[in-house]
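# Notes for the structure review
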There are 4 protein chains.
Amino acid sequence: MLIVLKNSATDEQIEEISRRISDAGLTPGIVPGARRSAITVTGNTGVAVIPEITELPGVLRVIHVTRPYRLATLEGTEGKHSEWQIGDARVGSNTAWFVAGPCSVDDPERLLETARFLKSIGAQALRGGAYKPRTNPYAFQGYGEEGLQWLAAARAETGLPIVTEAMDEKQLEQVVQYADVIQLGARNMQNYSLLKAVGKAPLPVLLKRGLTATLDEFLNAAEYILAEGNEQVILCERGIRTFGDHARFTLDVAAIPVLKSLTHLPVIADPSHPAGTRSLVEPLARAALAAGADGLIVEVHPDPKYALSDGQQALRFADIDLLAQRARGIASVMGRGFGAAAT
Amino acid sequence: MLIVLKNSATDEQIEEISRRISDAGLTPGIVPGARRSAITVTGNTGVAVIPEITELPGVLRVIHVTRPYRLATLEGTEGKHSEWQIGDARVGSNTAWFVAGPCSVDDPERLLETARFLKSIGAQALRGGAYKPRTNPYAFQGYGEEGLQWLAAARAETGLPIVTEAMDEKQLEQVVQYADVIQLGARNMQNYSLLKAVGKAPLPVLLKRGLTATLDEFLNAAEYILAEGNEQVILCERGIRTFGDHARFTLDVAAIPVLKSLTHLPVIADPSHPAGTRSLVEPLARAALAAGADGLIVEVHPDPKYALSDGQQALRFADIDLLAQRARGIASVMGRGFGAAAT
Amino acid sequence: MLIVLKNSATDEQIEEISRRISDAGLTPGIVPGARRSAITVTGNTGVAVIPEITELPGVLRVIHVTRPYRLATLEGTEGKHSEWQIGDARVGSNTAWFVAGPCSVDDPERLLETARFLKSIGAQALRGGAYKPRTNPYAFQGYGEEGLQWLAAARAETGLPIVTEAMDEKQLEQVVQYADVIQLGARNMQNYSLLKAVGKAPLPVLLKRGLTATLDEFLNAAEYILAEGNEQVILCERGIRTFGDHARFTLDVAAIPVLKSLTHLPVIADPSHPAGTRSLVEPLARAALAAGADGLIVEVHPDPKYALSDGQQALRFADIDLLAQRARGIASVMGRGFGAAAT
Amino acid sequence: MLIVLKNSATDEQIEEISRRISDAGLTPGIVPGARRSAITVTGNTGVAVIPEITELPGVLRVIHVTRPYRLATLEGTEGKHSEWQIGDARVGSNTAWFVAGPCSVDDPERLLETARFLKSIGAQALRGGAYKPRTNPYAFQGYGEEGLQWLAAARAETGLPIVTEAMDEKQLEQVVQYADVIQLGARNMQNYSLLKAVGKAPLPVLLKRGLTATLDEFLNAAEYILAEGNEQVILCERGIRTFGDHARFTLDVAAIPVLKSLTHLPVIADPSHPAGTRSLVEPLARAALAAGADGLIVEVHPDPKYALSDGQQALRFADIDLLAQRARGIASVMGRGFGAAAT
């Protein structure tokens, strides 16, 4: 921590500030400067907390140097990136993870047909919403447990692990019985009660970045889960909100390599939600992989005009097939694989 | 709804689009234009939903005209703004509501002292967090039920109704037993499970705008509560996230009059969180009132250096006293009152 | 400047960093810390510049403490705010400045009628665009020198000084012959050639904040003008671009008090452009004044349906009259005046 | 254009609105609806302009359907993308353009060395700033004409065409004498005087997107140049300003495919400025190409610690060599080339 002093800070004020630092068990270091001086604070092992410090006369600004999360940090694993086993895939490994499926599950037959097709083109997990967060209370909210059962049936036939969202603790209890990966949506990224609950759940968690979350906030949200003992967190960049009006959200591709430099957790991308329209999904998918994403989660629907949510951004079978081929090409340029072998 | 056609749209495509509109029980109206034509969709009583419509060949763009919420809208009350009785105050009336208190309750004595002082300067409700949403999992998370008891004790002595936050359904059960108004924080504005739960609760709800919520999303969040039968919702503008780095958030004063023109619900402002620093709180409070806010909710602490959260933005007693006097002056310019009489 | 070191920084790397600091004529100060150490850089009188420093092995992050502008800073005037004499008004004084007029001047008679009316309600300067920045190249671009002559005629009759925009050096030469204050628009806030040119002009400059400018960038733009010898700069907050879609721009009221704490220059506000629609102009004007603005510049048109630009946000005579009355009320709550006496 | 009516609109008001539309030479079409009705406006060949229309009683909202630029639109070329010949390269063709060079030219020898190296790895043009836009007035502002001469010398030896920035008309006169492509910086994207001036210049223009420009504003800026007769415009996405703090700007990869769907002009990307730090440049370059960019413009410096501006984001020779190889790989996945053959 660095405490920048006002030009007008008196010796008495500087002494008082130093005393408070010492009281907190930390070490003050006075730095003289031509125009403005500062006090360094050292001795802390985590983030230094001296609550009253910004209050004291003579203090201009307090600058934090140490990052406020511990378990999520790459330094904590000495630079080694983690890999989580999900079905046959190792997420975070040299092979980028390939997850696809409908936005919401709407029909058991169509879901099965989708799962079979995805399996055939190398997908490694099946996504599908049984509980759907919807902006408008009168919009379709998902089939609930029935939808979870359809997902389980699709897994039984194809072997694809299931990724599905829970929005509260009651849903979580059910989701845990059917799913292989719990998804936490962007709107719940700072739902701390839910973060703690999934932190105690026995399944990996796919945590989506909030629409307006800084990377520090994103990693703090992950830290909530890790701190409860569940270490299998997968981060997902899915677009942020900006002034831009030409896509639904702005896919922040830079977040991918920056996150990889800050945390050992795998970082995947969702190109469907920022696109908002089908024709943008593949370009964004390619961009995310090229930026170094450890995987993609893509919305697919055999016949988007029957989709009960987000049909306009769902890829058709032919679209996702082409995307997978291009994704393999881009991954191979980066010296890695994408998904399982197509059959 | 207006469906804008591509220049290249064929007669067959236009027929197919019209057929789909009719199938959905709505009425298509073909609009010829020199450069580009369109089809109007009428006959809907809410938002028109024709899921497949953006999919059809020949369609360039779909423009929605009807707003997707009903109960929150000002048209629904024929232009009459609602007033809710909370303690002795009528929120939404010609007297702006005055709520103040500590960010988190940290000590029963200090809380009582604060409540007494606030009562003496005309405050009409006491805010204070027993459960605190914190970005970092290792930060102080609130005193929980003990804190709620301290709040109840302060109410018993001063008569000030209690405004306090619940972050999940379990906390909500407790909060309902102690509080007079349930606060829903910005990070939970789109926590739909919680919105539905407070929609069934027997208390008024203070709903804070999300950091990145459009006014449509904000009103849809209110609609979730209203749709469950709880009509006593109070909206609160508390700053949005922008590129600006000179304040914690950007207080969006324009949201206040625009919301008042869209909804019958009262609209108050929180100047403390967007300020992030004490010296900005009063200017923002004045600005919000001058823009037409129906009330203010302000963070106060008798000795901010002991505050367990957000101490740097908490006003001292003398500060809030001055703020209340200026607020009265500004309210009176607008022909209205602010808070109860000072004693 | 503070140079934060990587945990892995070696003694040799720290020595090399220190050597570079010394080579730049500055003083390194090594700060040992439990988890991470840092080097302080002192001895600089302006912003410390050590170009290669972020390149060196062992360096994690470089934190600048000293602000990069000098002449604009409030410290430079030892906390005294500047006042500029413009016509009969002292801008930056205890009386908030009242400027109004049409977006673009479109007719000499209507302009004269407007100027007379504004004078009668206490306006202290007349704004009006002869050269108009327009997003679309085919939109009306202003009457040019003819417009400047109409403005000068209005001044001749009413005594109101003229505020008008120049968008390039050629226009500036003309504007200087007719105007009393040169306006620099938001889109030109970082047009450095133009900033330097107005820095040599013999007139005060009203500098509008760019749509996406941080306060540091805004003050640096002012510094460009000051550095050329023209010290009479007036800053103007006019709304920033955010994700919000309910107003044209987001008026950033917090910028007003923060700027006042950083610079000695007067800070006014333009409520018309962020409003974008007539009904929002007065609430935003009240909010800006309540936040401490040193003045308002407002768009007015006797008959907005004839306005050649921005008619939907222009106030009518009755509207601006009411605004001026309310502005006086709010200013008086803050212990200050607004505009000249109404006649 | 669609004029949405208020529920309360009377028959008289609707008649008056229709009359105004007819007066403007356009055709009104009344659309009855169950809850709200609208009037369509047709007959316009460009953007319909009925200035007073938003003023009329009974009007709720006006929705524009036709886009306000003409020459830039892809419809204008019937879907054919334009290609511009620059040196040996065809910009906008199936081979992505490869431009690189120092941020600012700082030394003739180093520039020559850089140009030779870039030529050897397949670069097709040399970028370098002789005039530099700098936020701070006291920062290095470029070597001016001397720098242009160094660039010309580098071209003479390597054959690489020169891309360099002009910030005002005086600089433009010089730049035109030395350069092959005029660069217009992000801060000048809405400097309309400069746009018009380059519209009359005899060279292609590389137009950078403003930090906060919507795609409509970006295309309107291009339209300013096209409308003056210079059709050789190349658009460049270079990152937008958002709340994100982990990179200098947020590279908006979605803008690339969306622009390609709206305009016939080539669209390239600058990965260096949004990165702000060396390690992010290659991931962003890969992402932009994967999203469909028609080229890259990258900052390179043989020894970044001597760079007079933006040294921390300049790639070294080995870095750009690797980037070019990966870029070729990604381009080939998309069925296209990147740059000239390496020698």
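It should be emphasised that the depicted structure is a prediction, and the values quoted were computed from it without experimental measurement.

### Thoughts on the overall build of chain A
Within chain A one finds 10 helices and 15 strands. Along the first, second and third principal axes, the C-alpha set of chain A runs to 75 × 45 × 40 Å. The proportion of buried residues among the 343 residues of chain A is 66%. The long-range share in chain A, meaning contacts at least 24 apart out of those at least 6 apart in sequence, stands at 69%. As displayed, chain A offers around 11400 Å² of accessible surface, 48% of which is attributable to carbon and sulfur atoms. When the 34 positive and 39 negative side-chain charges of chain A are each reduced to one mean point, those points stand 4 Å apart.

### Details of the interface of chain A and chain B
Of the residues lining the interface, 45 residues belong to chain A; the matching set on chain B comes to 45 residues. Surface buried jointly by chain A and chain B totals about 3600 Å² across both partners, of which 46% is contributed by carbon and sulfur atoms. A per-residue breakdown of the area chain A buries against chain B is headed by Glu 55, Tyr 138 and Lys 305 of chain A, which together make up 17% of the total. The tally of links between chain A and chain B comes to 4 salt bridges. Among the salt bridges present, the one from Glu 217 of chain B reaches Arg 241 of chain A, with a minimum N-O distance of 2.6 Å. Only helix H4 (169-178), helix H5 (192-199) and helix H6 (215-227) of chain A provide two or more residues apiece to the side of chain A that touches chain B. Tallying contributions element by element places H6 of chain A first for the side of chain A that touches chain B, with 5 residues.

### Regarding the relation of the copies chain B and chain C
Superposition of chain B onto chain C requires a rotation of 180° combined with a translation of 0.0 Å along the rotation axis, giving an RMSD of 0.1 Å. Look at the turn and shift together and you get a two-fold axis relating the two. Rotation axis and chain B: the residue whose C-alpha lies nearest the axis is Ala 287 of chain B, separated from it by 2.0 Å. When the interface residues of chain B are mapped onto chain C, 100% of them are again interface residues, pointing to one common binding face.

### Some points on helix H6 (residues 215-227) of chain D
All names here are of chain D. The first and last C-alpha atoms of H6 sit 18 Å apart over 13 residues, in line with the 18 Å expected at 1.5 Å per residue. When you tally the buried positions in H6, you get 11 out of 13 residues, the bulk of the element. Here the buried face of H6 lies against helix H5 (192-199), strand S11 (205-208), strand S12 (233-237) and helix H7 (255-262). Trailing H6 by a residue or two, Gly 229 shows a phi angle of about 110°, which is positive.

### Quick notes on the relation of the copies chain A and chain B
For the match of chain A to chain B, the screw axis carries a shift of 0.0 Å, the RMSD comes to 0.1 Å, and the turn is 180°. Looking at the interface residues of chain A, 100% of them are also at the interface in chain B, so both copies use one shared face.

### Some remarks on the pattern of salt bridges
Using the criterion set out here, one finds 76 salt bridges over all chains in the structure. Arg 19 of chain D is the salt-bridge partner of Asp 23 of chain D, the closest N and O atoms lying 3.0 Å from each other. Of the two residues, Asp 23 of chain D and Arg 19 of chain D are both situated in helix H1 (residues 11-23); the distance of 4 residues between them amounts to about one turn of the helix. The exposure class assigned to Asp 23 of chain D is exposed, which follows from its relative accessible area of 55%. Members of the salt-bridge network, linked through shared partners, are Glu 16, Arg 19, Arg 20 and Asp 23 of chain A.

### Structural notes on the interface of chain B and chain C
Between chain B and chain C, the residue contacts involve 34 residues of the former and 34 residues of the latter. Summed over both sides, the interface between chain B and chain C buries roughly 2600 Å², with carbon and sulfur atoms accounting for 77% of that surface. Looking at the side of chain B facing chain C, the largest losses of area belong to Phe 243, His 246 and Val 333 of chain B, adding up to 26% of the total buried there. Where chain B touches chain C, the interface holds 0 salt bridges. Across the chain B-chain C interface, the total number found is 4 residue pairs in polar contact (both at pLDDT 80 or more). Taken together, the elements giving at least two residues each to the side of chain B that touches chain C come down to helix H7 (255-262), helix H9 (278-290) and helix H10 (317-333) of chain B.

### Structural notes on the environment of Ile 21 of chain C
Of note, Ile 21 of chain C is situated in helix H1 (residues 11-23). In sequence terms Ile 21 of chain C and Ile 53 of chain C are 32 residues apart; their C-alpha atoms lie 8.3 Å from each other.

### Re the packing of helix H9 (residues 278-290) of chain A against helix H10 (residues 317-333) of chain A
All names here are of chain A. Two elements in contact, H9 and H10, have axes separated by 10 Å at closest approach and are oriented at 20°. Here H9 is positioned roughly parallel relative to H10, judged by the angle of their axes. At the point where H9 passes H10, the crossing takes the right-handed sense. Residues Arg 278, Val 281, Glu 282, Ala 285, Arg 286, Leu 289 and Ala 290 of H9 form the contact with H10, whose participating residues are Asp 319, Leu 322, Leu 323, Arg 326, Ala 327 and Ile 330. Considering only residue class, the contact of H9 with H10 consists of 8 nonpolar, no polar and 5 charged.

### Thoughts on the pairing of strand S1 (residues 2-5) of chain A
Successive residues of a regular strand alternate their side chains across the two faces of the sheet. Residue and element names in this part refer to chain A. Going residue by residue along S1, you find Leu 2 and Val 4 tucked away on one face and Ile 3 and Leu 5 tucked away on the opposite face as well. Pairing of S1 with strand S4 (residues 59-63) involves 4 bridges; the strand directions are antiparallel. Residue pairing in the sheet places Val 4 in a bridge with Arg 61 of S4. Of the pairings in the sheet, the one linking S1 to strand S3 (residues 38-42) comprises 3 bridges and is antiparallel in character. The residue of S3 that forms the bridge with Ile 3 is Ile 39.

### With respect to the confidence of the model for chain A
Overall, the prediction assigns chain A a mean pLDDT of 90, with 94% of residues at 70 or greater. Here the complex is predicted with pTM 0.90, and the ipTM for its interfaces comes to 0.89.

### Let's talk about the environment of Ala 89 of chain D
With respect to the secondary-structure elements, Ala 89 of chain D resides in strand S6 (residues 89-91). Counting along the chain gives 47 residues from Ala 89 of chain D to Thr 42 of chain D, while the straight-line C-alpha distance between them is 43 Å.

### With respect to helix H2 (residues 108-120) of chain A
All names here are of chain A. Under the 1.5 Å per step criterion, the end-to-end length of H2 is 18 Å for 13 residues, consistent within 8% with the ideal 18 Å. Every buried residue of H2 is accounted for by Leu 111, Leu 112, Thr 114, Ala 115 and Leu 118. On an axial view of H2, the arc spanned by its buried residues comes to 160°, and they lie on one face. In this structure, the buried side of H2 is in contact with strand S7 (95-101), strand S8 (125-127), helix H3 (145-158) and H10. By the N-cap criterion, in which a side-chain oxygen at the helix start approaches the backbone nitrogen of a residue two or three places on, H2 is capped by Asp 107, the distance to Glu 109 being 3.0 Å. In the segment just after H2, Gly 122 is the residue with positive phi, at about 100°.

### Digging into unusual backbone geometry
One non-glycine residue, Glu 78 of chain A, lies in the positive phi region at around 55°. You can see Glu 78 of chain A is positioned in the loop between S4 and strand S5 (84-86).

### Some thoughts on the environment of Ile 320 of chain A
All names here are of chain A. Relative to the assigned elements, Ile 320 resides in helix H10. Sequence-wise, Ile 320 and Ala 227 are 93 residues apart; in three dimensions their C-alpha atoms are separated by 37 Å. Leaving out residues up to four positions away in the same chain, Ile 320 has contacts with Phe 98, Ala 100, Phe 117, Leu 118, Ile 121, Val 298, Val 300 and Leu 315.

### Some details on the state of the cysteines
Considering all chains together, one arrives at 0 disulfides over all chains under this definition. Here Cys 103 of chain B stays unpaired: no disulfide links it, and the sulfur of Cys 236 of chain B, its closest cysteine neighbor, is 13 Å away.

### Observations regarding the pairing of strand S11 (residues 205-208) of chain B
All names here are of chain B. A two-sided burial pattern is seen for S11, the buried positions comprising Val 205 and Leu 207 on one face and Leu 206 and Lys 208 on the other. Pairing of strand S10 (residues 181-184) with S11 involves 3 bridges; the strand directions are parallel. If you follow Ile 182 over to S11, its bridge partner there is Val 205. Handedness of the crossover joining S10 and S11 through helix H5 (residues 192-199) is recorded here as right-handed. Alignment of S11 against strand S12 (residues 233-237), held across 4 bridges, turns out to be parallel.

### Let's talk about the packing of aromatic side chains
When we look at a pair of aromatic rings, we describe it by the centre distance and by the angle of the planes. Counted by the stated rule, this structure contains 17 aromatic pairs over all chains. Seen in terms of ring centroids, Tyr 192 of chain B and Tyr 224 of chain B are 4.6 Å apart; in terms of plane orientation they differ by 20°. Their pairing is stacked. Linking Tyr 192 of chain B in helix H5 with Tyr 224 of chain B in helix H6 (residues 215-227), this pair joins segments that are 32 residues apart in sequence. Judged by relative accessible area, which is 3%, Tyr 192 of chain B ranks as buried. According to the relative accessible area criterion, Tyr 224 of chain B is buried, its value standing at 2%. Within the aromatic cluster, the residues linked to one another by ring pairs are Phe 140, Tyr 143 and Trp 150 of chain C. A cation over a ring is seen here: Arg 238 of chain B above Phe 249 of chain B, with NZ or CZ 4.4 Å from the ring centre.

Here is what the cut-offs are and how they apply
Residues numbered from 1 in each chain as written. Chains lettered and ligands numbered in written order. Predicted model: local features only at pLDDT ≥ 70, side-chain atom pairs only at ≥ 80, totals over all residues. Heavy atoms only, no water. Helix = DSSP H or I, 4+ residues; strand = E, 2+ residues; numbered from the N terminus. Buried < 20%, exposed > 50% of the residue type's maximum accessible area, 1.4 Å probe, protein only. Contact = heavy atoms within 4.5 Å. Areas by Shrake-Rupley, 256 points an atom, 1.4 Å probe, with all protein chains shown as cover. Lys, Arg positive; Asp, Glu negative; His and termini not counted. Charge placed at Lys NZ, Arg CZ, Asp CG, Glu CD. Buried area = accessible area lost by both parts, 1.4 Å probe. Salt bridge = Lys/Arg side-chain N within 4 Å of Asp/Glu carboxyl O. Least-squares fit on C-alpha atoms with pLDDT ≥ 70 in both. Expected span 1.5 Å × (residues − 1). Polar contact = N/O pair within 3.5 Å; in protein donor to acceptor, adjacent residues only side chain to side chain. Axes fitted to C-alpha atoms, helices over the stretch in contact; angles between N-to-C directions. Parallel < 35°, antiparallel > 145°, perpendicular 65-115°, else oblique. Left-handed = near helix turned anticlockwise from the far one by under 90°. Nonpolar A, V, L, I, M, F, W, Y, C, P; charged D, E, K, R; others polar. Pairing = 2+ DSSP bridges. pLDDT = per-residue confidence, 0-100. Arc of directions from axis to C-beta. Disulfide = S-S within 2.5 Å. Right-handed = clockwise from strand over helix to strand, strands pointing away. Phe/Tyr/Trp six-rings, centres within 6.5 Å; stacked < 30°, edge-to-face > 60°. Lys NZ or Arg CZ within 6 Å of the ring centre and 35° of its normal.

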